[in-house]
Amino acid sequence: MATTGVTQPVRRSSTGVLLESVLKWREISILLVAVLLIAYFEAENRDFLLTSASLENLSQFIAPAAIISFGEIMLMIGGEIDLSAGMIFAFAPFVMHFAVVAGMPAPVGLLLALLASGLIGVVNGVVTLFLRVPSFVTTLGTMFLLNGLTLTLSAGTPVDVPGSPGFQAFFGHWGYSEICWAIVIGLMMHVLLRNTRWGLHTVASGGNPHGAAETGINVRRLKIGNFILSAVLSGFVGILEGCRISSVDPQAGGSQIMFLAVASGVIGGTSLAGGSGTIIGGLIGATVLGVLNDGFTLIGINAFTFNIILGAAILIAMVFNIHMTRLSRLGGAR
Amino acid sequence: MTADVTQVNSEIIRAENIVMKFGALTALRGVSLDLKRGEILGILGDNGAGKSTLMKIITGFQAPTEGQLFIDGQAVQLRSVDHARSLGIECVYQDLALANGLSIFHNMFLNREIVYPGPFRLLNNRAMRRRTQELLDEIGVHVPSVDLPVERLSGGQRQAIAVARAVNSNARVLLLDEPLAAMGAREAGLIIDLILRLKAKGSLSIIMIMHNYAQTLEIADRIMLMQRGAVTYENHAAATSVPELMEIVRREYRSMRNPASA
Ligand SMILES: Nc1ncnc2c1ncn2[C@@H]1O[C@H](COP(=O)(O)OP(=O)(O)OP(=O)(O)O)[C@@H](O)[C@H]1O
Ligand SMILES: [Mg+2]
């Protein structure tokens with residue numbers, strides 16, 4: 001190839017091209033895994049998807065993990081994580097409860113709960129970015145702190161969900177309300193990540209934090225914003241789940257839901273090291289986990305086995321992520 | 001300041017007695033510098049001499065501990081990289097500041113993206129893609145596709161992208177931190193070509209930090225030698241030579257080792 005100016009042909013081997021196309025369709029391949037799993041469970045158990053009760057059930061497993069994963073994905077792309085998400089989930093509905101007990105209407109209580117969640121995000125962000133504590137440690141601290149706070153405030157006992165039946169139905173009690181929220185929020189987050197400066201800068205600051213700062217991107221503001229986003233989404237899911245089961249439980253959520261959300265993101269192709277990830281991947285990851293969970297429950301595999309399979313799925317997804325990227329680099333241009 | 005109007009007018013950047021301390025370490029101990037319109041100033045010096053630090057002060061990335069910066073003869077206190085950019089100062093850092101996973105065109109417009117009008121300010125990828133292609137064609141940099149992530153480019157191509165990004169946006173002053181670092185003779189030649197072509201278009205003043213004396217004398221109009229946080233020599237490129245510069249550096253080292261006999 002003749003070259004003029006600063007030209008250098010990018011050398012690509014055929015394996016490089018092949019791997020690249022696989023990588024490009026990584027979400028598709030995970031989606032394929034989900035579809036295969038559904039087909040398998042459907043064959044094993046006729047009631048898996050085709051009855052509306054199990055479909056509803058499945059959607060209610062997927063939605064909370066998916067919505068929290070959207071926030072975690074934004075953080076992970078920027079190289080951060082929020083371990084306190086599940087405790088914000090448990091905390092927020094109590095803020096709403098106390099606001100309503102104090103005489104405020106339920107929607108105002110909801111807003112206050114989201115505001116309080118956002119403030120926890122501010123604390124997570126400020127401690128991480130200004131006091132330079134790794135977010136893993138910061139949010140580990142706020143995780144225990146919030147858990148204790150919620151248990152103290154609630155005296156360890158569940159309370160009723162405030163609000164009119166219509167309000168509750170809209171915010172989670174209607175069977176498909178949660179999955180609708182997940183899809184709407186997912187679409188908005190996808191646009192935020194892919195089509196706005198905020199999203200682009202998040203990717204840039206995860207891939208090259210120092211370089212991003214040198215181009216004038218305010219990395220701190222960006223990351224604190226993502227901590228707030230993650231916290232507000234977690235709090236919102238706590239309220240959705242409270243409305244769904246008609247009870248605000250101080251023991252709800254917790255690190256189980258947080259780890260499910262992180263796992264959804266990772267299975268969906270988000271790198272914990274920062275710099276890459278997709279929102280749709282988080283939704284698909286949550287779907288895979290939901291299908292595994294429901295499927296194994298229906299064919300009678302217990303929760304212990306489920307954890308073994310979940311663990312294996314996360315490891316395989318991670319190994320796949322890291323090595324596919326590395327291999328495609330080796331096979332492709334230098 | 002009526003004494004020498006032409007002098008003041010032709011001077012685009014002047015730094016006076018810049019001191020920079022990082023805790024106990026003094027990276028710059030009173031450095032002064034001036035840059036005239038359309039001029040290429042080459043800064044040479046050892047590792048750790050404070051070259052990058054000086055440059056980051058001129059780009060508004062960090063504020064000096066002491067000293068004053070003048071732009072177009074006006075005293076300014078740079079508040080941020082964006083502030084310096086609004087005054088026409090652009091730079092290519094030693095680490096290039098490219099986001100590896102992002103495409104060439106997203107890197108080209110990083111932090112000054114083109115967005116659609118409207119409340120959501122969505123990214124106008126199409127316009128950025130087209131503008132990037134035009135810009136690269138204009139300055140003679142060729143890449144297979146502006147959609148490629150920059151991690152797939154060679155060192156020379158990455159450097160060229162970083163330079164192109166800096167000149168895109170009506171930069172009047174371009175700061176280059178070791179633009180030829182870790183580059184083979186051929187790739188270095190291409191970047192030198194690019195720099196000379198930019199200079200030939202006029203209107204652009206360039207400060208470049210270099211390690212190779214011969215290359216610097218070839219491109220620069222004027223050179224400045226920095227050692228241990230201070231400027232130790234300054235001259236027109238035509239008035240000095242590689243042996244002379246080597247001798248100055250050697251003498252400086254000797255005086256550093258036994259100050260009494262200097
Ligand atoms: N942010 C910082 N914090 C602390 N020390 C710093 C910082 N930046 C630079 N230094 C120190 O200041 C001194 C000058 O560094 P600088 O990067 O300016 O050197 P340089 O001349 O560019 O060297 P090189 O040729 O290796 O790029 C070094 O001792 C460096 O360790
Ligand atoms: Mg340097």
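Refer to the structure printed above.
As the structure is a computational prediction, the values presented were derived from the model and not from experiment.

Calculation rules
Residues numbered from 1 in each chain as written. Chains lettered and ligands numbered in written order. Predicted model: local features only at pLDDT ≥ 70, side-chain atom pairs only at ≥ 80, totals over all residues. Heavy atoms only, no water. Helix = DSSP H or I, 4+ residues; strand = E, 2+ residues; numbered from the N terminus. Buried < 20%, exposed > 50% of the residue type's maximum accessible area, 1.4 Å probe, protein only. Contact = heavy atoms within 4.5 Å. Areas by Shrake-Rupley, 256 points an atom, 1.4 Å probe, with all protein chains shown as cover. Pairing = 2+ DSSP bridges. Phe/Tyr/Trp six-rings, centres within 6.5 Å; stacked < 30°, edge-to-face > 60°. Lys NZ or Arg CZ within 6 Å of the ring centre and 35° of its normal.

### Looking at the overall build of chain A
(1) Moving on: Along its length, chain A carries 15 helices and one strand.
(2) Moving on: Within chain A, buried positions represent 52% of all 334 residues.
(3) Moving on: Within chain A, counting contacts between residues at least 6 apart in sequence, those at least 24 apart form 79% of the total.
(4) Moving on: Working note: accessible area of chain A is about 14500 Å², and carbon and sulfur atoms make up 71% of it.

### Section: the pairing of strand β6 (residues 89-92) of chain B
All names here are of chain B.
(1) Moving on: Residues I89 and C91 point to one face of β6 and E90 and V92 to the other, with burial holding for every one of them.
(2) Moving on: Direction of pairing for β6 relative to strand β8 (residues 173-177): parallel, over a ladder of four bridges. Note on β8: the bridge partner recorded for C91 is L175.

### A short note on the packing of aromatic side chains
All names here are of chain A.
(1) Moving on: All chains considered together, the criterion is met by 10 aromatic pairs over all chains.
(2) Moving on: An angle of 35 degrees between the planes, with centres 6.5 Å apart, marks the rings of F94 and F98 as tilted. Of this pair, F94 and F98 both sit in helix α5 (residues 85-101), four residues apart, which is roughly one turn of the helix.
(3) Moving on: On the accessibility criterion, F94 (1% relative accessible area) is buried.
(4) Moving on: Through a chain of ring-to-ring contacts, three or more aromatic side chains come together here, namely F167, F170, F171, W181 and F236.
(5) Moving on: Sitting above the plane of the F130 ring, R220 keeps its charged end 4.4 Å from the centroid.

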